[in-house]
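Descriptive structure summary
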Amino acid sequence: LMGRTSLDAKPYRQQSQVLVPMDTPGITLVRPMQTFGDDDCPKGHMEILFEDVRVPASNILWGEGRGFEIAQLRLGPGRIHHCMRMIGQAERALSL
């Protein structure tokens, strides 16, 4: 989970990422979400409802304020993956 943990920090240091175990009380899996028409089950994207979920501060990844940094490191390879998928779909469409 990523959220704002410090309003007074520089914008890129306001976000933190927190590990929330799936068996934590208050978590509900609502529905699978599609990415480019594919739901990537069983490992894909889910809409998750968090109601009064509490975890210890020790679940913060890499320390408070490093969430944006983690997100940017993760997004780079993901962008390439989605581009490759789109190129493959375009090539398939052209071959029909």
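First, a word on what this report is: a plain description of the structure on this page. (Residues numbered from 1 in each chain as written. Predicted model: local features only at pLDDT ≥ 70, side-chain atom pairs only at ≥ 80, totals over all residues. Heavy atoms only, no water.)

Along the protein, the regular secondary structure elements total one helix and four strands. Ordering the α and β elements of the protein from the N terminus gives β-β-β-β-α. On C-alpha atoms alone, the protein measures out to a radius of gyration of 17 Å, which is more than a quarter above the 12 Å that the 2.2 N^0.38 rule sets for 96 residues. For the protein, the C-alpha atoms occupy an extent of roughly 55 × 30 × 20 Å along the three principal directions. A buried classification covers 18% of the 96 residues belonging to the protein. (Helix = DSSP H or I, 4+ residues; strand = E, 2+ residues; numbered from the N terminus. Rg over C-alpha atoms; globule rule 2.2 N^0.38 Å. Buried < 20%, exposed > 50% of the residue type's maximum accessible area, 1.4 Å probe, protein only.)

Now for the layout of surface pockets. Of the volumes computed, that of the largest pocket is approximately 610 Å³. Lining the largest pocket we find 17 residues, and of these H45, R74, L75, G78 and H82 sit closest to its centre. In terms of residue count, the dominant contributor to the lining of the largest pocket is helix α1 (residues 67-95) (eight residues). (1 Å grid on protein atoms, 1.4 Å probe; cavity = no way out; pocket = protein on both sides within 12 Å on 5 of 7 lines; lining within 4 Å. Points joined across faces, edges and corners; volume = space filled by probe spheres on them.)

With that settled, the discussion passes to the pattern of salt bridges. For the coordinates displayed, the defined rule picks out two salt bridges. Of the charged contacts in the structure, one is a salt bridge between R31 and E47, with a shortest N-O distance of 2.6 Å. Remark: E47 occurs in strand β4 (residues 46-50) and R31 occurs in strand β3 (residues 27-32); sequence separation between them is 16 residues. (Salt bridge = Lys/Arg side-chain N within 4 Å of Asp/Glu carboxyl O.)

Let us look at a nonpolar patch on the surface. Among the surface-exposed residues, L1, M22, L29, M46, I48 and F50 lie close enough to one another that they form a single nonpolar patch of about 540 Å² accessible area. Counting residues per element, the nonpolar patch draws most heavily on β4, at three residues. With respect to the helices, strands and loops of the structure, M22 is situated in the loop between β2 (15-17) and β3. (Patch = residues over 30% accessible without salt bridge, like charges linked within 9 Å, V, L, I, M, F, W, Y side chains within 5 Å. Areas by Shrake-Rupley, 256 points an atom, 1.4 Å probe, with all protein chains shown as cover.)

Once that is clear, we can look at the side chain of Q17. Assignment of secondary structure puts Q17 in strand β2. The exposure class of Q17 is buried, given its relative accessible area of 15%. A polar contact is formed between the side chain of Q17 and the backbone oxygen of G67, at a distance of 3.1 Å. Filtering out sequence-adjacent residues up to four positions away, Q17 remains in contact with L1, M2, N59, I60, L61, G67, I70 and A71. (Polar contact = N/O pair within 3.5 Å; in protein donor to acceptor, adjacent residues only side chain to side chain. Contact = heavy atoms within 4.5 Å.)

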